[in-house]
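Structural overview for review
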Amino acid sequence: MRERLANALRGHDADYVEAHLEESETTQIRYQNGTLEEVHRTRSCGGNVRALVNGGWGFVSFEHLDDLWDKAALAVEEARLASGEAMPLVPGEAVVGSSAEPERRNAASLPLERKKRVLDEYNDIILGTGRIQNARIDYRDAKRRAIFANSEGSYIEQDRPDLTLRLTAIARENNEVQQAGLSLGSNGDFSAIEGLHERVRETAGLAAALLSAPEVRGGEYTVILDPVLAGVFAHEAFGHLSEADFVYQNQGLLDIMTLGRTFGGRHLNIVDDATVPGLRGSYQYDDEGMPACRTCLIREGVLVGRLHSRETAVKMGEKPTGNARAISYRFPPIVRMSNTFIENGDMSFEEMLSGVRKGLYVKDWYGGQTSLEMFTFSAGEAYMIRDGRLAELLRPVVLTGNVFVTLNNIDAVGDDLEMNQGGGCGKGGQSPLPVSNGSPHIRIRHCLIGGR
Amino acid sequence: MEQPLAEQLMDSARKVAEQAEVFWLSSHETAVQFEANRLKGVHTRESANVALRVVREARIGFSAASGPYSSLPSGPGAEGGLRRLIDMAVETSRFGKPARFQFPPLTDYPGVAVFDHRVARMPVESMIELGNELIARVREHSPDIVCDVEVTRGTSSVQIVNSQGAEVDYDRSFLVIGLEGVLIRDTDMLFVGDSLDSCRLPDNMGLVADRVVEQLELAEGKATVSTGPLPVLFTPRGVASALLGPMALAFNGKMVLEGSSPLKGRLGEQVFDSAFSLCDDATLDYCLRSSPCDDEGVRSRQVPLVRNGVVCGFFYDLQTAGLVGVQSTGSGRRAGGTGQIRPATSSLVIPEGGVPFHSMVEDMNEGLVVERLIGADQGNLLGGDFGGNVLLGYKVQNGEIIGRVKDTMIAGNIYQVLRQSLAVGSEARWVDGVTRCPCLWCPSLSVSAK
């Protein structure tokens, strides 16, 4: 295969050409209404070629692996149509490498019966909880082998197994419907979703309890975010702004995201790190064949770095970080996060709580969305804080704000960092990309909460 | 699908299953992408997908493949790939749901036009020219704006064959013109954007730029609304982004069957204001999701959901309809092209009312116009909740739009908000090619502002 790809990439009048080939197998299992609703398996095989000519990109994806040279020629032709000023890429070294995941850790090689047994148990726990009317379970595992080659002589084979599980408990009483969920994931390791019985029971209990919970009044509050929600904040609100492709051709945003600018207190440190072993967002090489990195984004409150592809690094004159990723061969690599987290501070949760006379403790998430500076995200679980103590459970709340103001309003960072491996990231039509995010508890002053 | 392979797959599947269905989808699309006002790249995507559904020992099995003929040298190869597809469908059928349907036999399908040669043949050079024109038009109004534009044209072919004798195929063309702009002043950002989506070449492709310029004009000046209940006017885009998510869930036959929809057991009841009607229609010519039949080969039809505020129907696929004991409404659609079948909408249509936009605005002392929300799909959609941050919205004072709002959230519940006495706009438009709706004005909605 190495030879075939090298031949396909040879002899084109382009500044750079690369190819990806990929084969994957996915199993999806879905429970709804108390029973196993859907189970299906998918096989997928295909590839793409991407070419660069004077700053213009051409991209061709396909599922017939023959005539690879012609496909490369089409990509070069398209790149020429889009070409403008010359643009060199950050020099890349020819890398020849491979990474193989041990088969035994990979959920994709387990029989369906084994997966079903575990999911059946969780399903029964949820449905056995009072006032719960429905359980929804979405399980997905994938094994994926990806081959990368470029015109600089790189050739890399990597295994990229992945696994996600989402459990939702739906409670109903009269015409009221409330839900609570649990989201988990791993880099293919099935044991990450085993033995969760107690957590599943708590989730179901929460959905039922929400039926009788009051709603919060909209307005400004001091809020404490749990590690899950704070991790989502780090990823959604700040992390996306660190993606250089958002920034590099946008002067207005560039003025805001100037390295050296202060965004928060000295207790605030945010990192993206694709080299942490065993996390869903980890990899050895990105989809441009660049080695993975640990990148400090905010150091002691000051913006010190951002995430790059080979193109954005050269355009901004900064160091490449190996963050160009694609969800599959159907898409070109774009700048993405890997494992993004707020580093530990030194305040305990109790101390943080005791500093709040009236506020909210918000946990877990339904999802989050940003439009550059504005973010909104939903907490799946919320409590009033009164006089430094947790008080009544509230209906789920939506938090919103300007990220720069909010980062500056973080006045305390906890000492209890946890990584959250559930969900996935979406950008530019590419979703879900395996990532993880995390944080210790953090406290934010003057946060806008939506409500009636 | 190359005929011998489709037949081969159907023949082999019938040997191991009582019923079988082969769904084949191939597509070819080319997109030109502009980033930050400049042409960035040209993309071509060719894809070939096949999905196999079997009913074996009365249970449903399902498998799918992309690139069914291809495999890496370590893989099973083309022949082996098809065999693997059947094995996977058989394996999943052991755990599958009992089938409550028969695949439909051959029937007459309605004529629904979804192909335009002018789209299929549109040269890449014209697409690039169009992108440049749209950007020039918007920048003429606001020179500092940074625009991303994507013009995509393509064709797809669908073929469905089942063991009950049905055989249907159709070709579709599509053109999607999207423009997103952001205007940044210091740390303040203004987002505008719109899109035009159709199976045929639109008469006025510049409409996207006109609409964006209109947004920019309305957004000149900043304003702050009060926190508390306010009258809110949703533009067609606002209706689509705030209200239709929970609506589509509530009328999904599967959600109703399960009881997760609050509309369960309320057929024939007056749930919404009598000014409000809604239907799903897969038979409208040249709409992105129209087709002669759904993804299970059931003929397309118009599905009324709300008539004058009264709940009058839900939408179903074959299996859900079988469980409920009704007919499929031709709403079985595959998630992500060749994924599992589930009930889904095609084009949601809210018929026009009689109130022009300007009179809605004139009637408000203080009010909010909502054009786009972010975070609208995060709340308890099943319960009918909607809300989010107003990404683009305008303040109305004494009957006039006086500027755009920031740091403003709305929150409500469709079962409360659409029960109030509503005003429905006199002009409807398409939003994202999948919804056609007018403006909606509601007398009171909760607004929080910073």
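Only a predicted model underlies this, so the values are computations on that prediction, with no experimental measurement involved. (Residues numbered from 1 in each chain as written. Chains lettered and ligands numbered in written order. Predicted model: local features only at pLDDT ≥ 70, side-chain atom pairs only at ≥ 80, totals over all residues. Heavy atoms only, no water.)

**So, the overall build of chain B**
Helix and strand content of chain B: eleven helices and 19 strands. Rg of the C-alpha trace for chain B: 24 Å, near the compact-globule value of 22 Å for 450 residues, within the 12% margin. Dimensions along the principal axes, computed over C-alpha positions, put chain B at roughly 75 × 55 × 40 Å. The long-range share in chain B, meaning contacts at least 24 apart out of those at least 6 apart in sequence, stands at 73%. Total accessible area on chain B is roughly 16,300 Å²; 47% of this is exposed by carbon and sulfur atoms. With 42 positive and 55 negative side-chain charges, chain B shows a spacing of 6 Å between the two charge centroids. (Helix = DSSP H or I, 4+ residues; strand = E, 2+ residues; numbered from the N terminus. Rg over C-alpha atoms; globule rule 2.2 N^0.38 Å. Contact = heavy atoms within 4.5 Å. Areas by Shrake-Rupley, 256 points an atom, 1.4 Å probe, with all protein chains shown as cover. Lys, Arg positive; Asp, Glu negative; His and termini not counted. Charge placed at Lys NZ, Arg CZ, Asp CG, Glu CD.)

**Topic: the side chain of Ser 277 of chain B**
All names here are of chain B. One can find Ser 277 in the loop between helix 8 (253-258) and strand 8 (278-281). Given the relative accessible area of 13%, Ser 277 is considered buried. A distance of 2.9 Å separates a polar side-chain atom of Ser 277 from the backbone nitrogen of Asn 308. In this structure Ser 277 touches Val 306, Arg 307, Asn 308, Val 349, Ile 350 and Pro 351, once residues within four positions along its chain are discounted. (Buried < 20%, exposed > 50% of the residue type's maximum accessible area, 1.4 Å probe, protein only. Polar contact = N/O pair within 3.5 Å; in protein donor to acceptor, adjacent residues only side chain to side chain.)

**Thoughts on the interface of chain A and chain B**
Contacts between chain A and chain B engage 86 residues on the former and 82 residues on the latter. In total, about 7,000 Å² of surface goes out of reach between chain A and chain B, with carbon and sulfur atoms giving 52% of it. At the junction of chain A with chain B, the criterion picks out ten salt bridges. Linking chain A to chain B there are 32 residue pairs in polar contact (both at pLDDT 80 or more). Broken down by class, the residue content of the side of chain A that touches chain B amounts to 31 nonpolar, 32 polar and 23 charged. Relative to strand 3 (residues 59-66) of chain B, strand 2 (residues 35-53) of chain A is paired through four bridges, and the arrangement is parallel. Note on strand 3 of chain B: the bridge partner recorded for Arg 43 of chain A is Ala 65 of chain B. (Buried area = accessible area lost by both parts, 1.4 Å probe. Salt bridge = Lys/Arg side-chain N within 4 Å of Asp/Glu carboxyl O. Nonpolar A, V, L, I, M, F, W, Y, C, P; charged D, E, K, R; others polar. Pairing = 2+ DSSP bridges.)

**With respect to the domain arrangement of chain A**
Residues and elements named next belong to chain A. Segmentation of chain A into domains returns domain 1 (2-210) and domain 2 (219-450). Placing the centre of domain 1 and that of domain 2 at their C-alpha centroids yields a distance of 22 Å. Contacts between domain 1 and domain 2 engage 47 residues on the former and 39 residues on the latter. Area buried by domain 1 at its contact with domain 2 is led by Val 90, Leu 206 and Leu 210, which between them contribute 16% of it. Seen at the junction of domain 1 and domain 2, the total is six salt bridges. Two residues, Asp 162 and Arg 280, come together in a salt bridge whose shortest N-O distance is 2.8 Å. Examining the composition of the side of domain 1 that touches domain 2, we find that eight residues originate from one element, strand 8 (residues 176-186), more than from any other. For the side of domain 1 that touches domain 2, the per-class residue count stands at 18 nonpolar, 19 polar and ten charged. (Domains from an automatic or database assignment.)

**Overview of the pattern of salt bridges**
Two side chains carrying opposite charge are able to pair once their charged atoms lie near each other. Applying the stated criterion to the full structure yields 56 salt bridges over all chains. Of the charged contacts, one joins Asp 194 of chain B and Arg 237 of chain B as a salt bridge, the two residues approaching to 2.9 Å between their closest N and O atoms. Taken together, the residues Asp 194 of chain B in strand 6 (residues 188-198) and Arg 237 of chain B in helix 6 (residues 236-242) connect sequence positions 43 residues apart. According to the relative accessible area criterion, Arg 237 of chain B is buried, its value standing at 8%. Among the ionic contacts, a cluster of salt bridges with common partners joins Glu 373 of chain A together with Asp 188, Lys 222, Arg 404 and Lys 406 of chain B.

**Concerning the environment of Gly 433 of chain B**
All names here are of chain B. With respect to the helices and strands, the residue Gly 433 is situated in the loop between strand 18 (423-431) and strand 19 (435-449). With 128 residues separating them in the primary sequence, Gly 433 and Leu 305 have C-alpha atoms 19 Å apart. Those residues in contact with Gly 433, other than ones at most four positions away along the chain, are Asp 197, Leu 288 and Ser 347.

**Things to note about helix 3 (residues 112-127) of chain A**
Residue and element names in this part refer to chain A. Taking 1.5 Å per residue as the helical rise, helix 3 with its 16 residues ought to reach 22 Å, and the 22 Å between its terminal C-alpha atoms agrees with that figure. Looking only at helix 3, the buried set comprises Leu 112, Lys 115, Val 118, Leu 119, Tyr 122, Asn 123, Ile 125 and Ile 126. For helix 3, the buried positions fall inside an angular range of 165 degrees around the axis, keeping them on one side. Structural note: helix 3 exposes Arg 117 and Asp 124 on the side pointing more than 90 degrees away from its buried face. (Expected span 1.5 Å × (residues − 1). Arc of directions from axis to C-beta.)

**Focus on empty space enclosed by the protein**
In this structure the tally under the stated criterion is four cavities of 30 Å³ or more. In this structure, the largest cavity encloses a volume near 80 Å³. Lining the largest cavity are Glu 373 and Met 374 of chain A together with Met 189, Phe 191, Ile 374, Asn 389, Val 390, Leu 391, Arg 404, Val 405, Lys 406 and Asp 407 of chain B. In terms of residue count, the dominant contributor to the lining of the largest cavity is strand 15 (residues 385-397) of chain B (three residues). Class assignment for the residues of the lining of the largest cavity results in seven nonpolar, one polar and four charged. Reported here for the second largest cavity is a volume of approximately 60 Å³. Among the secondary structure elements, those contributing two or more residues to the lining of the second largest cavity are strand 1 (16-32) and strand 5 (132-150) of chain A. The greatest single-element share of the lining of the second largest cavity, amounting to three residues, is contributed by strand 1 of chain A. Both domain 1 (2-210) and domain 2 (219-450) of chain A contribute no fewer than three residues apiece to the lining of the second largest cavity. (1 Å grid on protein atoms, 1.4 Å probe; cavity = no way out; pocket = protein on both sides within 12 Å on 5 of 7 lines; lining within 4 Å. Points joined across faces, edges and corners; volume = space filled by probe spheres on them.)

**A word on the domain arrangement of chain B**
Residues and elements named next belong to chain B. Considered domain by domain, chain B is made up of domain 1 (3-210) and domain 2 (221-450). On a C-alpha basis, the centroid separation for the pair domain 1 and domain 2 is 25 Å. At the junction of the two partners, domain 1 supplies 47 residues and domain 2 supplies 39 residues. Contact between domain 1 and domain 2 buries roughly 3,400 Å² in total, counting both sides, with carbon and sulfur atoms accounting for 56%. For the pair domain 1 and domain 2, the interface holds eight salt bridges. In this structure, the salt-bridge partner of Asp 188 is Lys 406, at a minimum N-O distance of 2.7 Å. Elements supplying a minimum of two residues to the side of domain 1 that touches domain 2: strand 1 (19-35), strand 2 (38-56), strand 3, strand 5 (167-185) and strand 6. Tallying contributions element by element places strand 6 first for the side of domain 1 that touches domain 2, with ten residues. Partitioning the side of domain 1 that touches domain 2 into residue classes produces 28 nonpolar, seven polar and twelve charged.

**Brief notes about the pairing of strand 19 of chain B**
All names here are of chain B. Taken across its 15 residues, strand 19 has twelve buried, putting it largely inside the fold. One ladder, built from six bridges, connects strand 7 (residues 228-234) with strand 19; its direction is antiparallel. What sits directly across from Val 232, in strand 19, is Cys 442. By the bridge criterion, two bridges tie strand 13 (residues 348-349) to strand 19 in an arrangement that is parallel. Pairing of Val 349 across the sheet is with Arg 436, part of strand 19. The pairing of strand 17 (residues 408-413) with strand 19 spans four bridges and is antiparallel. Along strand 19, the bridge assignment pairs Met 409 with Ser 448. Both strand 18 and strand 19 contribute to a ladder of six bridges, which runs antiparallel.

**Observations regarding helix 4 (residues 124-141) of chain B**
Look at helix 4 of chain B: 27 Å from first C-alpha to last across 18 residues, which is about the 26 Å you get at 1.5 Å a residue. Within the sequence span of helix 4 of chain B, burial applies to Val 124, Met 127, Ile 128, Leu 130, Gly 131, Leu 134, Ile 135 and Val 138 of chain B. For helix 4 of chain B, the buried positions fall inside an angular range of 160 degrees around the axis, keeping them on one side. Exposed side of helix 4 of chain B, more than 90 degrees from the buried face: Glu 129 and Glu 140 of chain B are the residues found there. Those residues of helix 4 of chain B that are buried lie in contact with helix 2 (68-81) of chain A together with strand 1, strand 2, strand 4 (146-162), strand 5 and helix 5 (207-218) of chain B.

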